[in-house]
Amino acid sequence: MASSSAGAPEDAQQEAAPRSNVRVVAHDHRTHDAPIEVDEGFDAIPVESLLRMSYDIKQGLWKEDRVDIKLEGRHLGQGGLKNVQRAFRRAEGSIADDGGKTGATESGIRADWVAIVLKEYFGGILDALSGREGVIEQFRRDVCMQWEAKALAIVFNASNPPKKIEVLEPVILLRDSGEVYFSEPFMVGTFFKHNDPAANILGMQEGFADDHNYIRMTPQAFLSLSLSLSLSLSRSLPSLCLSV
């Protein structure tokens, strides 16, 4: 299923924050970080230490560490299975040695915190997954599958297409109070879904054939390559997601 985030006014994704007015400056395509510009209310958001589970595709191993998170409580939307909210993660290598204000600049840009999204299952799917451990196991599969998609994107980009594919690096975050999140970097812009789960081109089905945001060649080219390559590999190699 192909989708993308196209440049658009940042408020297309965001609503009024409950405790702080935070603006995401931009998404850095090299580091996948999204620096933020904040007001004085940002420091009032509590910092929590969450367990982070990340997958190393080169070694085929899961790694765990702790990471500082600010849970903003700003919901971005709801899908068929998950709620999505925005949060902030302390930037890698940043140390809070002044009450959490390290990295602040005169303009309010914070280099020590970056924006992320948290996706959390809700409703009947939680019962179907048999509780917290079932959710963790499902998210492990989701993370692994997204890494497989990233590996396929590297193959696609190696052919030097006019536009390249970028797949975000996902992790799992576990809160001590029990919540389990699928997390990835926050991206500024409007979300466009190019295909449905059956690979149909949504723009053509919905009457947007003249809208370039929906009818794009790059997502469809990647969809075709990833499908054929996945079918070819599946005959000789087991899926990484079956071995974790």
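Residues numbered from 1 in each chain as written. Predicted model: local features only at pLDDT ≥ 70, side-chain atom pairs only at ≥ 80, totals over all residues. Heavy atoms only, no water.

Mind showing me how you'd approach the pattern of salt bridges here?
When their charged atoms lie close together, side chains carrying opposite charge are able to pair. A full pass over the atoms with the stated rule returns ten salt bridges. Between glutamate 179 and arginine 175 there is a salt bridge, with the nearest N and O atoms lying 3.6 Å from each other. One salt-bridge network, held together by shared partners, links Glu48, Arg175 and Glu179. (Salt bridge = Lys/Arg side-chain N within 4 Å of Asp/Glu carboxyl O.)

Any chance you could explain the pairing of strand β4 (residues 47-56) here in plain terms?
Remember that side chains alternate between the two faces of the sheet whenever the strand is regular. Of the pairings in the sheet, the one linking β4 to strand β5 (residues 61-78) comprises ten bridges and is antiparallel in character. Bridged to aspartate 56 within β5 is leucine 61. With three bridges joining them, β4 and strand β8 (residues 171-174) adopt antiparallel strand pairing. Among the inter-strand pairings, arginine 52 is bridged to a residue of β8, identified as leucine 173. (Pairing = 2+ DSSP bridges. Helix = DSSP H or I, 4+ residues; strand = E, 2+ residues; numbered from the N terminus.)

Explain the environment of alanine 221 to me, please; I cannot follow it from the model alone.
With respect to the secondary-structure elements, alanine 221 resides in helix α4 (residues 217-234). Judged by relative accessible area, which is 36%, alanine 221 ranks as partly exposed. For the pair formed by alanine 221 and proline 161, sequence separation is 60 residues and the distance between their alpha carbons is 9.4 Å. (Buried < 20%, exposed > 50% of the residue type's maximum accessible area, 1.4 Å probe, protein only.)

Even after reading the chapter, I still don't get the nonpolar core, so can you show me in this structure?
Side chains that are nonpolar tend, in soluble globular proteins, to be buried together. Core analysis: the largest hydrophobic core is formed by 15 residues, its most contacted members being Val135, Phe139, Val143, Ile172, Leu174 and Val180. Per element, the largest residue contribution to this core is six residues, and it comes from helix α2 (residues 131-157). What valine 143 contacts, discounting residues up to four positions off in sequence, is Tyr55, Trp62, Pro170, Val171, Ile172 and Phe182. (Core = buried A, V, L, I, M, F, W, Y, C linked by side-chain atoms within 4.5 Å. Contact = heavy atoms within 4.5 Å.)

Please clarify how the confidence of the model for the chain should be interpreted in this entry.
One rule of thumb: low pLDDT means the predicted coordinates there are not for detailed reading. Per-chain confidence: the chain averages 75 in pLDDT, with 67% of residues scoring 70 or above. The spread of mean pLDDT over the elements of the chain runs between strand β1 (residues 3-6), the lowest at 52, and β8, the highest at 97. pLDDT under 50 marks residues 6-19. Its contacts with residues more than four places away, or in other chains, come to 37 contacts. In this model, residues 97-106 is a region of pLDDT below 50 whose contacts with residues beyond four sequence positions or in other chains number 18 contacts. (pLDDT = per-residue confidence, 0-100.)

Looking at this structure, how should I read the side chain of glutamine 220?
Mapped onto the fold, glutamine 220 is located in helix α4. Taking the relative accessible area as the measure of exposure, glutamine 220 reaches 19% and is therefore buried. Beyond its immediate chain neighbours, meaning those up to four positions away, glutamine 220 contacts His194, Asn195 and Ile201.

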